[in-house]
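# Descriptive analysis of the structure
Residue strings, one per chain:
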Amino acid sequence: MTKGWWLPAELRHLVDDVRPRRHATPEHGDFDVEMPCITSDALAEAARALRGRAERELQRRPIAEIVDRLDETAIRWLDPSDPHRRTAIETIPRITGHSPEMVALAIELEQRSSRGDHLLACLRSEVGDPAALDRFRSSGHLAPGGENRAFGPGLVGGVFSANIPALPHLTIMRALLVKSACLGRSSAGEPAFLPLYLRSLEEIDADLASCLGVLWWEREAETHWTSFFDETDFVVAYGGTQAERELRARMPAGLPLLFHGHRLGVSIVGVPEDAESRDDLAARLAYDATVFDQHACLSPHVVLALGSFDACAELGVDVGRQMERWREELPPRVLEPALAAALAQLRGVAEISEALGSPTRLLTPTDRSSAWTILVEDVDGLPPSPLDRFLRIVPHESINAVLERLRPARRWLQNVAIELGANEDDAAALREALARLGATRICPPGQMATPSMMWHHDGRACVGAMVRWCDREGSAP
Amino acid sequence: MTKGWWLPAELRHLVDDVRPRRHATPEHGDFDVEMPCITSDALAEAARALRGRAERELQRRPIAEIVDRLDETAIRWLDPSDPHRRTAIETIPRITGHSPEMVALAIELEQRSSRGDHLLACLRSEVGDPAALDRFRSSGHLAPGGENRAFGPGLVGGVFSANIPALPHLTIMRALLVKSACLGRSSAGEPAFLPLYLRSLEEIDADLASCLGVLWWEREAETHWTSFFDETDFVVAYGGTQAERELRARMPAGLPLLFHGHRLGVSIVGVPEDAESRDDLAARLAYDATVFDQHACLSPHVVLALGSFDACAELGVDVGRQMERWREELPPRVLEPALAAALAQLRGVAEISEALGSPTRLLTPTDRSSAWTILVEDVDGLPPSPLDRFLRIVPHESINAVLERLRPARRWLQNVAIELGANEDDAAALREALARLGATRICPPGQMATPSMMWHHDGRACVGAMVRWCDREGSAP
Amino acid sequence: MKRPKPTLYDELKAAISSGMAPWPEERFDSLAVRIARWHYDEIPPFRALCEARSVDPDSMRKWRDIPAVPTEAFRRFELFAGDDPPREFRTSGTSGSKPGRALFSDQGLELMAEAIRVNARAMLLPDERATRILILAPPPEAAPHMIMAHGMEQLRREHGLAGSRFLIGSEGLDSAGLMRAFADSEREEIPLTLIGASFGFVHLFEAMAERDLSFSLAHGSRAMDAGGFKGRSREADRDELNAAFESRLGIPAERCVNLLGMTEIASQMYDNVMRDGRPAPRFKVNPPWTRTEVVDPITLDPLPPGRPGLLLHVDLANFERPIVVQSDDIGRRLENGGFEIDGRAKGAESRGCSLTIDEMLSQ
Amino acid sequence: MKRPKPTLYDELKAAISSGMAPWPEERFDSLAVRIARWHYDEIPPFRALCEARSVDPDSMRKWRDIPAVPTEAFRRFELFAGDDPPREFRTSGTSGSKPGRALFSDQGLELMAEAIRVNARAMLLPDERATRILILAPPPEAAPHMIMAHGMEQLRREHGLAGSRFLIGSEGLDSAGLMRAFADSEREEIPLTLIGASFGFVHLFEAMAERDLSFSLAHGSRAMDAGGFKGRSREADRDELNAAFESRLGIPAERCVNLLGMTEIASQMYDNVMRDGRPAPRFKVNPPWTRTEVVDPITLDPLPPGRPGLLLHVDLANFERPIVVQSDDIGRRLENGGFEIDGRAKGAESRGCSLTIDEMLSQ
């Protein structure tokens, strides 16, 4: 049975027992994942053991060596014949409903940005001199003679959501980049990837892997959360507003938390007049809304287009055609009934609007399948997409109108893809305005799903935020 | 009457009324400070107005210009004839009991590290390229073509404690360094300095000052706290454990907080054998325990000495002599009865111990005044000092014994002054061990009170932590 | 002129009044099609939907030919074929979004009242025993747009003994009054009918558990809870709620009925247990002027028993509003012909870190 | 041999038993000096302190010649001149630090009992009215090291009507029992004496305010609260507490006495109000075998009335332990000869961001 947990060999006895947890996807039916049964005391013991391992094992290792091992792991995951990769691609679709092709692409994209040079660039960006994690290093910022030393928090607690397939290893990597142990609580919704990743890391470097673990306990298991928070030094968590509320209510005051909540991506484009440019743009817009089935915090919910309704409708037709192409190359998730029902509501209303002559154009596959939906619509506000390849295209008269629409959503704004065409001055002004508004990443259409390790996730220095500094100042008299 | 609050002229009408608040020091008797009466709605309005000012006023200013203005302000405060400085030196002693000489020294030390070059060095250390606060700047860390843009949080809420005289402007400066407004709640214990600082800034640059304010409300005024937290984007607070608990209980989930809690400084020294070296060391140990009357988070509580009890006692006599010298140059705070009572308890017990023949040596001024106390003692654990120039000297056989004593206090460890004498290898190993343990600053004795702006206060990048990033990634296809 | 041929309304009303016996399929289809044709003329968004689906009035022969209107359309369009001035009920709606609106003329209200009357007598009051009706909801004066309060008030007025009343005021639930009423029922042997929102009962039993309170209500007491547990309170198991009715109030499971009602339709579907006098099997029962189908959400094709799908309701008592309504509730058809509603779908958990509508609106 | 000349103990006990009339200064000094000389021989840390201050037994002539022992010394040293095996009481202490210890022989306990008896009769029970004594504290069995519980038990045993009892059990305060007792007092006209920690009463009145409860206790009821509000609960004004006694229980301010007691001394100082039968002025009264001085914390010189200073207590009933004890409480001498205790000093707030002892120990 696929394992939904992993601990280093010497700690596995802490898991008393295992039990299957059943996942049902419309496509594949039932599928069981082995979940751990662990007492809250054993959880605390595991946490302490991992922190202890990190103190002994990670502190003495040069950071460059840790980066090398993570690089080797990424290289393995990029090899289509790698057995763990193959298992992930077989397994995750049976849990999440994503297609194997999509899972394979997710692994590909995520591991490409997990290579050693990216990790080092991230450290240089957020920590400065990576070697300050190894020893006191002379600092260019302090007065002459000054030295810096950087430390991670000790044990990073990860709380994962059933997010993008094959992403949660990012938190593990970030913890290792500051020489910290990491104990994660996997999401019941996708517990399979991390154990596979940790197994591959174990094969490459068992000592490194011995500082890591991933477990699971019920959301209501209060004593488990207490053990978890009592023993962790820094928490990195993913989830929605409700999950954040619950987490904060449980956490002791002062335990630092980096919470990656839900976010909004949008595309802002000028509608090209010539068909070829329009088709090229449409391909990239469609790709952005296809990758990860639109589940990433970077994925676009809506295309805010500069152009008339008719121009947008033309663009919509092109995007629809491209969606159909991606549907074949990267088959979509088959929706659970509740999500399909929500989609049917939106489609039904759009159908009525369109028939009433409102500026609305609903585009769906010819077989009316739920595979994708394009809704060209002169709508009020900024309704988020129900996801799973549902993309609105909304016409605008001016960049100001675009910004006014985005303003109320500023606190959720994450990734903005921009392609205005020729006018680079407009684009520069728009980038500045979006950055002020709250966007954390700006890229061209087609690249929304491929942020680098150096991108400031949610606008934060996620690795830098975990660092504690010790500075040596002053000189002997 | 000395003012305990300040708002830009156009917002002063928001304060309905003022009333005197009485301070009593044993030295000077009663002294009234004018405190503001403001409704919670008006407080919220002030906060919004300050944020709005910052959006209009600070965003358009080059960061270099903001730094220049802060530099000019520091230069004024360093001028002994500056009227605001003179008012501060007259006033603050009547509120806090610190001597005028000590307040003057505090201003001198704090403003020296508030000069423009220090501020820029801090930005370079924690933000990288300061100009990223002005516009998108090409990044050396992102893939080629990548650009970074940095923003502050908008409105920083400052919650000050009655801490070191003349320090709270640090939070104001940090907010301005990320082009953010700052609204502070002053401490009832020392509300005088910030209004004076803001007046001097107003004289230099009224537009800059118009983004700043300092007010006060009762600790129990729940609706005021609600308004304050609802309107601020980032909170920087100072205080003790109880204050932190109260603050966190009041803050909405997700509002970021940088809390500077109570911390422990220590000195670790080898006792020099020759009298001259010993006296030189003693002078610096005494100075560290004298500056700010030992109230800084960096101040030493205890000298952990490598040497016999007798050697420590000799050192103690020397330190006592130096304390007496500093007592004249920088007269001590006159203690309130409750603090004097606590001191009398500690002295009384030490007197009994010493008379019983325990390894204890109590050194006080010959007039038994509370001006300073040296207690050479082979004590268990690491009892913190009651402050106000009370310094323990504790003998140790080895560096390991020193580290073992510090271990239980690791989470409070802040500043460590080290002077072991000749053995630089030992010193390097000790620095590394202390850094791992949790120390955030290491310096030679005599320099504990003079951290730079580049020092990571509490081990954190206090300016960097306030920054939100927007990254431009990817290139047009 | 908007008024239909009087015969259609009268015929429908008479049919509903005739009781709970199954109707011949032809009668149902004939009435449905005649109402839909009228709607085609009077409700432009419905006509637009028909046109989009290439359905014209003449091609409608059976109710299955009538396009289903999504509940979401009640938020976006005015869907009303009746007389002015209408009475308006509203869905509670998510904060930030427009509420759905259901408009009623006096005639429409009368028809709904008849449907409520016939249905309640069969499903909630089959023993025709008079009870004191206590309603854990605000009274209609306080919640004029809440269709549930309107229906409950009818039950109270028509079937309640003296002392029947609403227990939610401007200060929230009158707990003290409720506890006194429980004690009175226990002592005076007056049976109670408790009516309220499901999550309201969950809160009530939590509060009673904290104070370790329980009562043994008079024999003949019963409970009807409406709505689910989703969103407003922690998800609670139906069994758990029924167990609490039994342990805290002495009402056995076969006297606890759950009701499916929606602002967008005029009729409700009760659990069978009170009618059948036994606690299991438990399923929802359609009164004869309604149908509920479990369909594929996208194709709207009926699904075999056991397969989860979208609930599509046909309600002829919805007379002045679209009678075929496509909900976003998920349920299953049972082998015995009844249906049941699923708990909230698990889907939401796996939506990734992209913002969802609920997330954004709940801010 | 540790036992003093029997005459000293007997003489002291007889003097205490003689009542509350002021003693000639000579008698006080003579007894004090004789006890201190005995302590010089039997309590090494006390002798060490004398030596450090260059005081020898012969040079002690008045109590002012006797060095004051800081309360902190009760944590660090064994300070006991009596017989073994001693009974041990402890200060509550800050977590992490050693508690202070006060040791008593049987003889010492007897002396303390006599002091309590004489003092309480004069200051708490001047009307000699029998009351039901309700004690908001754990009973001595549950808190064998708590000197307060020991003294309260004596009051209960010697002065309480049937039904007098301790109300804090392993589950915390028996609120229900307490409310019943209040109701009984109101109904049956049995006066109560309420005894407890000051912050305990604050909590009690907060809880009663939440439930809007109040009683009118039988005439003759009274309250004694001990300790302050510092640390354990929010600082509350004495006036506020007295107002609550009046409004929640009908006990007027002149029947509410605060008690200053410390583990390190055997006697207590009561407020004058019950004795004097009027609510103001309010001050602490020393029984004649004790003195309390307000002194400069560093020089220990007496301060003029009104100036805040350290409280230094002389307690001859402390017989087997140091009789001159230097506290860290701050108070003021009043013009009328009594003294009062300040609230917690404001000093702590201005201690900068350096770690303080309390901060570190409270973690």
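Note that the structure is predicted; figures quoted are calculated from it, not measured.

What follows covers the overall build of chain C. A tally of regular secondary structure across chain C gives 11 helices and 16 strands. Evaluated residue by residue, chain C yields a buried proportion of 54% over its 363 residues. A separation threshold of at least 6 residues defines the contact pool for chain C, and within that pool the share at least 24 residues apart is 66%. Of the roughly 15400 Å² of accessible surface on chain C, 49% is carried by carbon and sulfur atoms.

Moving on to the overall build of chain A. A tally of helices and strands in chain A yields 15 helices and 18 strands. The globule rule puts the C-alpha radius of gyration for 477 residues at 23 Å, and the 24 Å found for chain A is close to it. Here chain A holds 477 residues, and 67% of them are scored as buried. Restricting to contacts in chain A with at least 6 residues of sequence separation, those with at least 24 account for 74%. For chain A, the accessible surface area stands at approximately 16000 Å², while carbon and sulfur atoms represent 48% of it. Chain A carries 52 positive and 70 negative side-chain charges, and their two centres are separated by 4 Å.

With that settled, consider the pattern of salt bridges. For side chains bearing opposite charge, pairing can occur when the charged atoms are close. Summed over the entire model, instances satisfying the criterion amount to 145 salt bridges over all chains. A salt bridge links A:Glu432 to B:Arg149, with the shortest nitrogen-to-oxygen separation between them at 2.6 Å. With one member in each of two chains, A:Glu432 in helix α15 (residues 424-437) and B:Arg149 in strand β5 (residues 147-151) form a pair that bridges those chains. Both residues of the pair, A:Glu432 and B:Arg149, belong to the buried class. Residue C:Glu72 pairs with C:Arg75 through a salt bridge whose shortest N-O separation is 3.5 Å. What you see here is one network of salt bridges that share partners, running through A:Glu10, A:Arg53, A:Glu57, A:Arg60, A:Arg61, A:Glu65, A:Arg69, A:Glu72, A:Asp205 and A:Asp207.

Attention now goes to the pairing of strand β14 (residues 309-315) of chain C. All names here are of chain C. With seven of its seven residues buried, β14 lies for the most part within the structure. Here strand β13 (residues 290-295) runs beside β14; their pairing, made up of six bridges, is antiparallel. Counterpart to Glu293 in the pairing with β14 is Leu312. When β14 meets strand β15 (residues 324-333), the two strands line up antiparallel, connected through five bridges. Bridge pairing in β15 places Gly309 opposite Gly331.

Contact residues are listed per partner, giving 35 residues for chain D and 47 residues for chain B. Both sides together, the interface formed by chain D and chain B hides about 3600 Å², and carbon and sulfur atoms give 63% of it. Put simply, chain D and chain B have two salt bridges between them. With a shortest N-O distance of 2.7 Å, B:Glu351 and D:Arg53 are connected by a salt bridge.

With an axial shift of 0.0 Å and an RMSD of 0.0 Å, the rotation relating chain B to chain A amounts to 180 degrees. These values place the two chain copies in the arrangement generated by a two-fold rotation axis. Of the C-alpha atoms belonging to chain B, the one lying closest to the rotation axis is found on B:Ala465, 3.5 Å away. Most of the interface of chain B is mirrored in chain A, where 100% of its interface residues again form contacts.

Moving on: the sheet that holds strand β17 (residues 441-443) of chain B. Strand order across the open sheet formed by 10 strands is β4(A)-β5(A)-β18(A)-β17(B)-β16(B)-β11(B)-β12(B)-β15(B)-β14(B)-β13(B), with mixed pairing between neighbours. Because the sheet does not close on itself, it has two edges, and the strands there are β4 (137-138) of chain A together with β13 (360-363) of chain B. The pairing of strand β11 (residues 264-270) of chain B with strand β12 (residues 300-306) of chain B spans six bridges and is parallel. The partner of B:Ser267 across the bridge, within β12(B), is B:Val303. Relative to the sheet, helix α13 (residues 337-355) of chain B contacts β13, β14 (373-377) and β15 (390-396) of chain B, its axis offset from that of β13(B) by approximately 135 degrees.

The subject of this paragraph is the side chain of B:Glu147. All names here are of chain B. Mapped onto the fold, Glu147 is located in strand β5. Judged by its relative accessible area of 19%, Glu147 falls in the buried class. With near-sequence residues (within four places) excluded, Glu147 lies in contact with Phe136, Arg137, Ser138, Ser139, Leu142, Cys470, Asp471 and Arg472.

What follows is about the packing of helix α5 (residues 106-123) of chain C against helix α6 (residues 147-159) of chain C. All names here are of chain C. Two numbers describe how α5 lies on α6: the axes approach to 11 Å, and their chain directions differ by 60 degrees. The angle between the axes of α5 and α6 places the two elements in the oblique class. Considering the relative orientation of α5 and α6, their crossing is right-handed. On α6, the residues that touch Leu109, Met112, Ala113, Ile116, Arg117, Ala120 and Arg121 of α5 are Ile147, His150, Gly151, Gln154, Leu155, Glu158 and His159.

Moving on to unusual backbone geometry. Residue C:Pro281 follows C:Ala280 across a cis peptide bond; omega there is -10 degrees. As for its position among the elements, C:Pro281 is in the loop between α10 (273-276) and β12 (284-285). Phi angles above zero are rare outside glycine, and A:Asp458 is one such case at about 60 degrees. Looking at the element boundaries, A:Asp458 is found in the loop between β17 (441-443) and β18 (468-472). Look at A:Asp458 and you get buried, because its relative accessible area is 9%. Positive phi outside glycine occurs at B:Arg368, with the angle close to 60 degrees. When you line up the elements, B:Arg368 lands in the loop between β13 and β14.

We now examine the sheet that holds strand β2 (residues 17-25) of chain A. The sheet built from three strands is open, its strands ordered β1-β3-β2 (chain A) with mixed pairing. Each of the sheet's edge strands pairs with one partner strand only, and the pair in question is β1 (2-3) and β2 of chain A.

Take the domain arrangement of chain A next. All names here are of chain A. Here chain A is partitioned into domain 1 (2-261 + 457-472) and domain 2 (264-443). When each unit is reduced to the centre of its C-alpha atoms, the spacing between domain 1 and domain 2 is 33 Å. Between domain 1 and domain 2, the contact holds 16 residues from the first and 19 residues from the second. There are zero salt bridges connecting domain 1 and domain 2. Taken together, domain 1 and domain 2 are joined by four residue pairs in polar contact (both at pLDDT 80 or more). At six residues, helix α4 (residues 100-112) tops the list of elements feeding residues into the side of domain 1 that touches domain 2.

The tally for this structure, following the rule as stated, stands at 36 aromatic pairs over all chains. Measuring from ring centre to ring centre gives 5.5 Å for A:Phe228 and A:Phe229, while their planes differ by 55 degrees; the resulting arrangement is tilted. Considered together, A:Phe228 and A:Phe229 belong to a single accessibility category, that of buried residues. Each ring, one from D:Trp38 and one from D:Phe319, has its centre 5.0 Å from the other, and the planes form 35 degrees; the classification is tilted. With D:Trp38 in helix α2 (residues 25-42) and D:Phe319 in the loop between β14 (309-315) and β15 (324-333), this residue pair connects regions lying 281 residues apart in the sequence.

Another aspect to go through is the arrangement of the chains. Highest in contacts among the three pairs of chains that touch are chains A and B. Here chain B and chain C are not in contact; the least distance found between their C-alpha atoms is 13 Å. A gap remains between chain A and chain D, with no contact made and the closest C-alpha atoms lying 13 Å from each other.

Within the fold, A:Ala221 resides in the loop between β8 (212-215) and α9 (222-231). In this structure, the C-alpha to C-alpha distance between A:Ala221 and A:Ala131, residues 90 residues apart in sequence, is 40 Å.

Calculation rules
- Residues numbered from 1 in each chain as written.
- Chains lettered and ligands numbered in written order.
- Predicted model: local features only at pLDDT ≥ 70, side-chain atom pairs only at ≥ 80, totals over all residues.
- Heavy atoms only, no water.
- Helix = DSSP H or I, 4+ residues; strand = E, 2+ residues; numbered from the N terminus.
- Buried < 20%, exposed > 50% of the residue type's maximum accessible area, 1.4 Å probe, protein only.
- Contact = heavy atoms within 4.5 Å.
- Areas by Shrake-Rupley, 256 points an atom, 1.4 Å probe, with all protein chains shown as cover.
- Rg over C-alpha atoms; globule rule 2.2 N^0.38 Å.
- Lys, Arg positive; Asp, Glu negative; His and termini not counted.
- Charge placed at Lys NZ, Arg CZ, Asp CG, Glu CD.
- Salt bridge = Lys/Arg side-chain N within 4 Å of Asp/Glu carboxyl O.
- Pairing = 2+ DSSP bridges.
- Buried area = accessible area lost by both parts, 1.4 Å probe.
- Least-squares fit on C-alpha atoms with pLDDT ≥ 70 in both.
- Axes fitted to C-alpha atoms, helices over the stretch in contact; angles between N-to-C directions.
- Parallel < 35°, antiparallel > 145°, perpendicular 65-115°, else oblique.
- Left-handed = near helix turned anticlockwise from the far one by under 90°.
- Domains from an automatic or database assignment.
- Polar contact = N/O pair within 3.5 Å; in protein donor to acceptor, adjacent residues only side chain to side chain.
- Phe/Tyr/Trp six-rings, centres within 6.5 Å; stacked < 30°, edge-to-face > 60°.

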